[in-house]
Each structure stands twice: as structure tokens, then as C-alpha cells.
Amino acid sequence: MSSRHSPELSGARATSPANTSAAGEVGRAPLVVSNFINGEFVAPASGAYIDDIGPATGEVIARIPDSDARDIDAAVRAAHSAFPAWSRTPVAERSRLLLRLADLIENNLEELARLESRDNGKTVTLARRLDIPRAVANFRFFATAILHYASEAHPTDGVALNYTLRQPLGVAGLISPWNLPLYLLSWKIAPAIATGNTCVAKPSELTPLTANRLAQLARDAGLPPGVINIVHGLGAKAGDALTSHPKVPLISFTGGTVTGAKVAMAAAPHFKRVSLELGGKNPNVIFADADLPEAVKTSIQSSFANQGEICLCGSRIFVERSIHDHFVDEFVAATKQLRIGDPWDEATDVGALISAAHLEKVSGYVELAKQEGGTIVAGGRRIDGAGFFFEPTVVTGLGCDRRVLQEEIFGPVVTITPFDGEDEAIAFANSTRYGLSATLWTRDLQRAHRVAAALDAGTVWINCWLVRDLRVPFGGMKESGVGREGGFESLSFFTEAKNVCVKLA
Ligand code: NAP
């Protein structure tokens, strides 16, 4: 591990008095994060705060509200009051405000990238390249998509005219995870408010900083009070209060499969509309005719980008037997080139895992891999010292029925398993309860389409990975989720279709 620490990051090991500014900034003192309700930064009703730990240092970098049902209720009431005016605001005006917010995020890209890196442990280079630009794109995309959201009309045999109104539902409850904090929060807020809903968002308690900054930028952009409300705190308390609140008719949730089931149960008695974007255990299938250098290079990304903490990472690699050993050699050599360390160092490839608990979980799966008979051919160890670092790890010799190939590890750990022929590749790829995404490497066009159709996955990448187009449907099959978001799917999810029938004759 690199021992280099940028002066700024070292400075983040703060013991000085809390910075009480409402919005986050990349400073030396721990920040105090506030809830954002009705356009104001406010303390939690309980007065209690939770420590936010910086993954690269293990130090407290912020204190965030330990919100409960009272804070959620205040936010829902604010959102509810703002809804009539916001839903009647002309689409062009809503679009203009969202575009202004996108511009402000872009103007503050470097600060936001540093905040995200400090809070999550991801490299600042990734935050600069992926997370923050994607937040900008989310607001721009839905600001303009809403201008083109047409609905249908049917002249019914000259007797009646049937047309569809697409109306916002009211207060949208939005819950997001820690792995892509601003990226996923904005993926929910942008379509929710573009369509005329107001919202209450609960970001992960592990990564509150960019959400806190977004609140200030939303205010600066001129969004009316109550349109965006952000309540920080624990999922079991604040999150549960939001999913079970009777005045929140719609929940968009991204997180783990176990939590998704709890969200669905809390929402069920109220018959809420629910979108669940859940976990994955994605296959990366490499046929013998693949462009091998390209497959190795991209598979390193799909395995270890963001420390493997992307729901779309391909953690199960399947390689056709004739090239298996060669692939393993090349992949292991490339893995060993990765530089682990200070996320603020421009040369770092792999930053810190989100938390001490997650480091324990990842280490535990590597121990389990050994117990299950696997061979660790690269990495396998945590890095001693401050922060939560784990080596990029490659495991061979395990079959599809092993727990390590069945359960989501969500860290820098991949398995490589050989297969014989197309049918076995498909069977191996589909052998988990998940179905989020899959990657496929082959030069055979017919096989590419055949296998893509047979894979249990909401997204299939052929000869590439994480090439995202915001217009396409996004979501998971099986236990990776319910529903689709993205493009018109999001606009549809965040609106209620109402049929109006007018008698003509
Ligand atoms: P998580 O533990 O399920 O938490 C997700 C969010 O739900 C957090 O804000 C969490 O709050 C909140 N939460 C926890 N319990 C809740 C409850 N009972 N009611 C309402 N909300 C509750 O997931 P995570 O560890 O943050 O994220 C990692 C998981 O997300 C992985 O499984 C990954 O695959 C998945 N993910 C999926 C996608 C996708 O698009 N399909 C994208 C990214 C990540 P606190 O944590 O603050 O307590």
C-alpha cells in the first residue's frame, strides 16, 4: 500500500472544534451535517448526532443527525405543502431550475469529488470521472426528458376521445446507499421532481456529505422550499419512518436485497408504489474467441473499480477452459499492478472500503473462500494501519455452488471458474438468486445475441462494461430488484397514468 497521504487528507484527521457551517466543505474540522427541511438547515428533533467515519483514516470526519420519525414527519409535511405549487409549476420552469442545479454541481465538481472521496473512501479520480459528472448528467437528462414526455390519445371509433394524463403522485420517498452516494441520490431526486413530485430523501448514514452540499446547491439554484428535503440518519429508524409514512405514496429504494424486503413490507400496508434496485452477483463470461487483452483490461475495471463496491461489478468471472489458465495469468498480473492507498492521491487505483464492519465482512469471505477449498492467487489480505483497506483479491478453484459464488461480497474479491461450452456458461452465469447485470466477451455475433437473451440479467454488456445510457431501462431480475428506472421508465414510475374519456357523439 502506498504510504503517501496528501496534506489535505492528513488534515482531515481532525480533532479541532466542529465546523458548524450548514453545508459541507472540504476542510480540516469535522463537519456538522444538518437536515434540510423546507429550505432550511435544521438540527434533528432528538438533538442526537452520529459520527461519520472517513474510510481512509478511520477518523471522525463529520457528525450527522440521528433523525427519527419526527424529522421525517416534518420533512413529509414540508414536501406535502410544497407539492400543489410545484406540481403546477410549468414544465419549462421546472426544467430550467433543474438545469441550473446541474450547472451548480458542475461548477463545484472538484469540491464535490473530494467530499465524496473523503466520505466513501473511493479515489478522487473516480469521483471526478464518474460520480459527480453522473450527478450533473442525471439532472440535465431529466430536466430535458420531461420536455419530451408525451402521452397518448385514442379517438375511440368517433364515439369518444380517450387520452392519458401523467400526473405526479405527491411526496416521493427516496432511499439511497453509500457506494455511489451523489450519483444514486440524484438518479432518484432528478426524475422525482422533474415530473412534479416533491421529495424526502434519506441518504446512507455512511456517506452524507455530498447530499448535504447538494441541499445548499438546490437552494442556490432557486428550487422552492419543500421541493427537496433531505433527512439524515439510520435506515432502521429514519428510513423505516419514511417507507411507512402514510403521506408518502411512492418509494424508490436502492440498497441491499435484505433491506429491500423490509422496505417492501413497510410499504405494503399502504399499497405504495415501490421501485427496488437491489444487490447483484454479476457474471462476467469470457469465451475463447474474445479479444483477450481488452477482456482482461475491462475485467480489471469491472472487478475492482470503486473497490468492487459497485452493484454492477462482475464478481464471478467464467472463462472458457481452453484459455482459462492464460486468462488467470494475465488477470493476476494486472491485479498485482493496482496501487492501493490514499484515495486523494492521483496515482491510486483502489481506495478504502466503506467501513470497519465492511472490511470485516470482506475479510470473512476471503477466509471462507479458503475454507471452501479455493486458492487465493492474488491479494487476500487487509492492509495494516489506519483506514479500511483490502487488497484486490482473486480466487480460483471454486464451483458455482460455493457460498463465495452465491453471496454478494460487494468488495474487491473476484472468483475465476472455467466452463466448457455455451450451455454451461449460461447455466453457471444464471446459478444465483440475483439477476442484475452480466458481461459477455466473444467475437461471435450470433452467440453474443443468443447468450445475451438467455442470461438472467436486467442489463447485459457485450464486449464492454458500465457503458451507461440514461435513456435505457435499468433494474434487476430475480432478487436483484422490482421495476425499472431510467429514461421514460423513470418518468413513468414517478407519475400516475390517468385515463380520461370524453364522449364525442
Ligand atoms: P443497505 O444496507 O440496504 O442500505 C441502503 C439504504 O437503506 C441506506 O440509506 C440505509 O440506511 C437504508 N435502510 C437500511 N435499513 C432500512 C430500513 N429498514 N428501512 C428503510 N431504509 C433502510 O445497502 P448499502 O449497504 O447501503 O448498499 C449496498 C447494497 O446496495 C448492495 O447490496 C448493492 O448491490 C446495492 N446496490 C444496488 C444498486 C442497484 O442499482 N441495483 C446500486 C447500488 C447499490 P443506513 O445505511 O444509513 O442505515
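Numbers given for residues are sequential positions, taken from 1 along each chain in its written order. Totals for whole chains, interfaces and linings use all residues, but because this is a predicted model, local features are given only for residues with pLDDT of at least 70 and pairs of side-chain atoms are given and counted only at 80 or more. Only heavy atoms go into the side-chain values, all of them from the structure, while hydrogens and water stay out.

**Description of the site of the ligand**
- Whether a residue is near a molecule or strand depends on its heavy atoms: if one lies within 4 Å, it is near. Near the ligand, the surroundings consist of 32 residues, among which Glu 205, Gly 235, Thr 259, Leu 278 and Glu 408 are the closest.
- Polar contacts, as counted here, are pairs of nitrogen or oxygen atoms within 3.5 Å of one another; within protein the pair requires one atom able to donate a hydrogen and one able to accept it, and residues that are adjacent in sequence qualify only if both atoms are side-chain atoms. At 2.9 Å, a side-chain N or O of Trp 178 approaches an oxygen atom of the ligand.
- Within the backbone of Gly 233, an N or O atom sits 3.5 Å from an oxygen atom of the ligand.
- Accessibility throughout is a Shrake-Rupley quantity obtained with a 1.4 Å probe, and a residue counts as covered only by protein chains that appear here. Here the ligand, which alone exposes 900 Å², has 88% of that area covered by the protein.
- With respect to the pocket detection grid, the ligand is positioned in the largest pocket.
- To qualify as a helix, a DSSP run of H or I must reach at least 4 residues; to qualify as a strand, a run of E must reach at least 2; elements of each kind are numbered from the N terminus. Every element with two or more residues in the shell around the ligand is listed here: helix H8 (235–243), strand S11 (250–254) and helix H9 (257–267).
- Counting residues per element, the shell around the ligand draws most heavily on H8, which supplies four residues.
- All residues other than Ala, Val, Leu, Ile, Met, Phe, Trp, Tyr, Cys, Pro, Asp, Glu, Lys and Arg, Gly among them, are scored as polar; the first ten of these are nonpolar and the last four charged. In terms of residue class, the shell around the ligand is built from 14 nonpolar, 12 polar and six charged.
- Domain delimitation follows an automatic or database domain assignment. Split by domain, the residues of the shell around the ligand number at least three in each of domain 1 (33–278 + 480–500) and domain 2 (283–470). Detection works on a 1 Å grid of protein atoms alone, calling trapped sets that fit a 1.4 Å probe cavities and calling open sets with protein on both sides within 12 Å along at least five of seven lines pockets, with lining residues defined by an atom within 4 Å of a point. By definition, a pocket or cavity contains a molecule when more than half of the molecule's atoms lie within 2 Å of the pocket's grid points.

**Section: the side chain of Ser 117**
- For Ser 117, the location among the structural elements is in helix H4 (residues 109–120).
- There is a polar contact of 2.7 Å between the side chain of Ser 117 and the backbone oxygen of Lys 122.

**Topic: the domain arrangement of the protein chain**
- Splitting the protein chain by domain gives domain 1 (33–278 + 480–500) and domain 2 (283–470).
- Its C-alpha centre places domain 1 at a distance of 30 Å from the equivalent point of domain 2.
- In this assembly, 35 residues from domain 1 lie in contact with 29 residues from domain 2.
- Summed over both partners, the accessible surface that disappears when two parts come together, traced with a 1.4 Å probe, is what is meant by buried area. At the boundary of domain 1 with domain 2, total buried surface from both sides reaches about 2,500 Å², with 59% on carbon and sulfur atoms.
- We define a salt bridge as a side-chain nitrogen of Lys or Arg found within 4 Å of a carboxyl oxygen belonging to Asp or Glu. Joining domain 1 to domain 2, the criterion identifies one salt bridge.
- Among the salt bridges present, the one from Arg 128 reaches Glu 346, with a minimum N-O distance of 2.9 Å.
- Here domain 1 and domain 2 share 12 residue pairs in polar contact (both at pLDDT 80 or more) between them.
- The set of elements that each furnish at least two residues to the side of domain 1 that touches domain 2 consists of H4 and helix H5 (124–145). Contact definition: two residues touch when any of their heavy atoms are within 4.5 Å.

**Considerations on unusual backbone geometry**
- Not every positive phi belongs to a glycine, and Asn 38 is a case in point at roughly 55°.
- Residue placement: Asn 38 occurs in the loop between strand S2 (35–37) and strand S3 (40–42).

**Looking at the confidence of the model for the protein chain**
- Values of pLDDT, which run from 0 to 100, indicate the predictor's confidence residue by residue. Across the protein chain, the average pLDDT comes to 94, with 94% of residues at 70 or higher.
- Note that residues 1–25 has pLDDT below 50 and, in this model, 60 contacts with residues that lie over four places away or in other chains.

**Comments concerning the nonpolar core**
- Residues Leu 101, Ile 105, Phe 139, Ile 189, Ile 193, Leu 223 and Ile 228 are the most contacted members of the largest nonpolar core, which totals 67 residues.
- Split by domain, this core shows at least three residues from each of two domains, domain 1 (33–278 + 480–500) and domain 2 (283–470).
- Grouping buried Ala, Val, Leu, Ile, Met, Phe, Trp, Tyr and Cys residues that are joined through side-chain atoms within 4.5 Å yields what is termed a nonpolar core. Burial classification: accessible surface area is computed with a 1.4 Å probe over protein chains only, and a residue below 20% of its type maximum counts as buried, one above 50% as exposed, and the rest as partly exposed. Ranked by size, the runner-up nonpolar core spans 30 residues in total, among them Ile 409, Val 413, Phe 419 and Ala 457.

**What about the sheet that holds strand S1 (residues 31–32)?**
- Taken together, three strands build an open sheet; the order of strands is S1-S5-S4 and the sheet is mixed. Each edge of the sheet is formed by a strand with only one pairing partner; in this case those strands are S1 and strand S4 (49–53).
- Strand pairing follows a simple DSSP-based rule, namely that at least 2 bridges must link the two strands. Pairing geometry for S4 and strand S5 (residues 60–65), over five bridges, is antiparallel. What sits directly across from Asp 52, in S5, is Ala 62.

**Focus: the environment of Arg 128**
- Mapped onto the elements of the fold, Arg 128 is located in helix H5.
- Judged by relative accessible area, Arg 128 falls into the partly exposed class, the value being 23%.
- For the pair Arg 128 and Leu 112, spaced 16 residues apart in the sequence, the C-alpha separation amounts to 8.3 Å.
- Not counting residues up to four positions away in its chain, the partners in contact with Arg 128 are Leu 109, Glu 110, Ala 113, Arg 114, Pro 133 and Glu 346.
- A polar contact is formed between the side chain of Arg 128 and the side chain of Glu 346, at a distance of 2.9 Å.

**Brief notes about the pattern of salt bridges**
- In total, this model carries 26 salt bridges according to the counting rule given.
- Arg 114 is the partner of Glu 110 in a salt bridge, and the nearest nitrogen-oxygen pair spans 2.9 Å. Highlighted residues: Glu 110 and Arg 114, both in helix H4, separated by four residues, approximately one helical turn.
- Glu 110 sits in the partly exposed class, given a relative accessible area of 32%.
- Through salt bridges that share partners, Glu 110, Arg 114, Arg 128 and Glu 346 make up one connected network.

**So, the packing of helix H3 (residues 91–107) against H5**
- Axis definition: a line fitted to C-alpha atoms, limited for helices to the stretch in contact. Angles are taken between N-to-C directions and run from 0 to 180 degrees. Relative to each other, H3 and H5 sit at 165°, their axes nearing to 8 Å. As far as their axial angle goes, H5 and H3 are roughly antiparallel. When you trace H3 past H5, the crossing you get is left-handed. Contacts from Ser 95, Leu 98, Leu 99, Leu 101, Ala 102, Asp 103, Ile 105 and Glu 106 of H3 reach H5 at Ile 132, Ala 135, Val 136, Phe 139, Arg 140, Ala 143 and Thr 144. Each angle gets one of four labels, with under 35 degrees taken as roughly parallel, over 145 as roughly antiparallel, 65 to 115 as roughly perpendicular, and the rest as oblique. Two helices cross in a left-handed way if the nearer one is turned anticlockwise from the farther one by less than a right angle. They cross in a right-handed way if the turn is clockwise.

**Focus on helix H15 (residues 445–454)**
- Looking at H15, one finds that the buried residues are Arg 447, Ala 448, Val 451 and Ala 452. For H15, the angular spread of buried residues about the axis comes to 130°, placing them on one side. The exposed residues of H15 that point more than 90 degrees off its buried face are Leu 445, Gln 446, His 449 and Ala 453.
- Of the surrounding secondary structure, the elements contacted by the buried residues of H15 are helix H14 (421–429), strand S19 (437–441) and strand S20 (459–462). Here the arc refers to the set of directions running from the helix axis out to each C-beta atom.

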